[in-house]
Amino acid sequence: MSISSVAGSNPDLSGCFALQTISSLTITSGTLDMSNIPLDIVGGGTAFSGSGGTINTGGSSGDLDIDNNASFSGVTFNNSSADLNIDGSVTMSNGTINSNTGTVTVDGTFTKTNGTFDTDTATVTLKGATSNSSGAFNNGNSGTLDIQNVFTLSGGTFAQGSKIVKTDGLTVSAGTYTAGAGSILVDGTFAKTGSGAFNGSTGNIDINGAVNITGGTFQASTATTTVSGNFSRSGGTFTHNSGTINLDGTNQILTGDITFNNLTKNVTSAYTLTFTANDTITVEGTSNFSGTEGNLLSIRSSIGGTHADFDPQGTRTFNYLDVQDNDNINVTEIDMTGLNSIGGQQNNVNWSNFGDEAADGVPEFTNYLYIATLFICFYIFNNYKKENKLNTFSQ
C-alpha cells in the first residue's frame, strides 16, 4: 500500500491491521484516521509533511514510525496511547501536536517556531537540541520530558505541570517558563539571559552545573534548588521564592549582590566557598555552612586581603569553618564559640570567638605563650632563690 498525500479526503484505514509501509506522507487538509494501524514512513528527506488537516493515531498497535525528518506546519496531530518515533529532525511552525499517552521519541533536533505542542501524560524523549521561539509548549500531570541536549526557550511559553523535566542544559532568553510540581533536572548550565522569566514553583530543581543570571527574572523553587557549579548574577533579577539554595558542588563561587532565603553548603571534604570581593551575599533565612573534623569548609574572598560582605539576617548554623576576609555587615555579631572553626587573625569583621582565638579576642597561641613565659620566669626565679640560699649556707 502506498499513500503519497492526503488532500481534501478522509481515508479510513481502520480495517487494515498489518504494518503499512509508505515512502512519504503529505497532509494539507482532511482527516487521516490511523487508529490501531501501524505505519512506517521510510522515505528520505522530509518523509512527513503536514500543513493542514488532521491525522489521528492510537491504540496499542497504532504506532507511527518516521524514518527521516518531519515538518508540522499546520496539521493537527492527535495521538492516543500509541508510539511516535521520528528518526530525523522535527520542525514545527504551526498547528498542534497532542501526544496524550504513549511515547514520543525524536532522534534529531526539535525546532519549534510556533504552534502548540502538548506532551500531556506521554513519555517524551528529544535527543537533539530543542528550542521554542514562539507558541506554547505544554506538559501534563505525569510522565517525563527527557531532553538529551540543551533546551532553549527564546519566546512563547513553556508550562511544566507535574511532569518531570530533564535536560542537558537550559537557556531562557525570552518568553516564560512556568514550572510546576514536577522536578527539574538540568545536567549542565542554567542560563537566564535577555528578557522573559523562569518561574519556579513547588517542584525541586537540581542543576548539575553553573547558574548564570544576566537578564530577565529567575525565580527559584519554593522547595530546594540544588546547584553544583558557581552561582552568578550580573544582571536581571533573582527571587528566592522562600526556598532553599543548596550548594552541593566542590569549590564554588558566589558572584553578584544576591539575596537568598536559605543558603546551604555542607561538605565532607575540604572545599572552598568564595564570595566575590565587594559584593554582598544576603541570607534572610538560615545560613547553613559546615565541614567536618579535618575537612574544614573555607570561606574566602575572591581577592585576598579585600573583604567580601555577608549579611546573615536569620539563623546561623556553622561548624568546622576556616573564615578569611569576610565582613559580617549584619548588626548581630557571629559568635563562633565551640564551633570548631578558625579565623581569629584572618581579616574578618564582626566575627568572634573562633577556636584559634580566646573569648577576649586574643589569639589562644598568645595566651599559651604568655603562660609559658610566666612558667619559665617562675622556674628561673625559683632556681635563683635556691642557689642564693645554698650560697648563704656555704658562707
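For the structure itself, look to the data block above.
Figured I'd write up the structure that's included with this text.

The rules behind the values
- Residues numbered from 1 in each chain as written.
- Predicted model: local features only at pLDDT ≥ 70, side-chain atom pairs only at ≥ 80, totals over all residues.
- Heavy atoms only, no water.
- Core = buried A, V, L, I, M, F, W, Y, C linked by side-chain atoms within 4.5 Å.
- Buried < 20%, exposed > 50% of the residue type's maximum accessible area, 1.4 Å probe, protein only.
- Helix = DSSP H or I, 4+ residues; strand = E, 2+ residues; numbered from the N terminus.
- Contact = heavy atoms within 4.5 Å.
- Salt bridge = Lys/Arg side-chain N within 4 Å of Asp/Glu carboxyl O.
- Pairing = 2+ DSSP bridges.
- Axes fitted to C-alpha atoms, helices over the stretch in contact; angles between N-to-C directions.
- Phe/Tyr/Trp six-rings, centres within 6.5 Å; stacked < 30°, edge-to-face > 60°.

### Here we look at the nonpolar core
Argument step 1. The biggest cluster of nonpolar side chains holds 76 residues, and the ones touching the most others in it are Phe48, Phe72, Tyr177, Phe231 and Phe289.
Argument step 2. No other element matches strand β18 (residues 144-159), which puts five residues into this core.
Argument step 3. Setting aside anything within four residues of it in sequence, one finds Tyr177 in contact with Phe151, Leu153, Phe158, Gln160, Val165, Leu170, Val172, Ile184, Ala197, Phe198 and Asn199.

### What about the pattern of salt bridges?
Argument step 1. This structure, assessed with the given rule, holds two salt bridges.
Argument step 2. Between Lys127 and Asp107 there is a salt bridge; the shortest N-O distance is 3.4 Å. Linking Lys127 in the loop between β15 (123-126) and β16 (130-132) with Asp107 in the loop between β12 (103-106) and β13 (110-112), this pair joins segments that are 20 residues apart in sequence.
Argument step 3. We classify Lys127 as partly exposed; its relative accessible area is 37%.
Argument step 4. Between Asp322 and Arg300 there is a salt bridge; the shortest N-O distance is 3.0 Å.

### A closer look at the sheet that holds strand β34 (residues 280-283)
Argument step 1. Within the open sheet, the four strands sit side by side as β31-β34-β37-β40. Their pairing is parallel. Pairing within the sheet leaves two strands with one partner each, and these edge strands are β31 (258-260) and β40 (326-328). Averaged over all neighbouring strand pairs, the angle between strand axes comes to 20°, with direction disregarded.
Argument step 2. Relative to strand β37 (residues 308-312), β34 runs parallel, the two sharing four bridges. Within β37, the position partnered with Thr280 by the bridge is Asp309.

### Brief notes about the pairing of strand β35 (residues 287-290)
Argument step 1. As judged from the four bridges shared by strand β32 (residues 262-266) and β35, these two strands associate in the parallel manner. Bridge pairing in β35 links Lys265 to Phe289.
Argument step 2. Relative to strand β38 (residues 316-319), β35 is paired through four bridges, and the arrangement is parallel. Considered in β38, the bridge of Phe289 is made with Phe318.

### Comments concerning unusual backbone geometry
Argument step 1. Unusually for a residue other than glycine, Ser81 sits at a positive phi of about 70°.
Argument step 2. Of note, Ser81 is situated in the loop between β9 (69-80) and β10 (83-86).
Argument step 3. Located in the positive-phi region is Asp325, a residue other than glycine, with phi close to 60°.
Argument step 4. Structurally, the position occupied by Asp325 is in the loop between β39 (321-323) and β40.
Argument step 5. For Asp325, a relative accessible area of 3% gives the class buried.

### Examining the packing of aromatic side chains
Argument step 1. Within the structure shown, the criterion is met by 22 aromatic pairs.
Argument step 2. Aromatic side chains Phe110 and Phe137 sit 6.4 Å apart centroid to centroid with 55° between the ring planes, which places their arrangement in the tilted category. Placement of the pair is Phe110 in strand β13 and Phe137 in strand β17 (residues 136-138), with a sequence separation of 27 residues. Taken individually, Phe110 and Phe137 each receive the classification buried, so the pair is uniform in this respect.
Argument step 3. In this structure an aromatic cluster arises from ring pairing among Phe110, Phe117, Phe137, Phe151, Phe158, Tyr177, Phe190, Phe198, Phe218, Phe231, Phe238 and Phe260.

### Some remarks on the pairing of β18
Argument step 1. As paired elements, β15 and β18 share three bridges and run parallel to each other. What sits directly across from Val124, in β18, is Leu145.
Argument step 2. Two elements, β16 and β18, share three bridges in a ladder whose sense is parallel. Considered in β18, the bridge of Thr130 is made with Phe151.
Argument step 3. Relative to β18, β17 runs parallel, the two sharing three bridges. Looking across to β18, one finds that Asn138 is bridged to Ala159.
Argument step 4. Of the pairings in the sheet, the one linking β18 to strand β19 (residues 164-178) comprises twelve bridges and is parallel in character. Along β19, the bridge assignment pairs Thr152 with Thr171.

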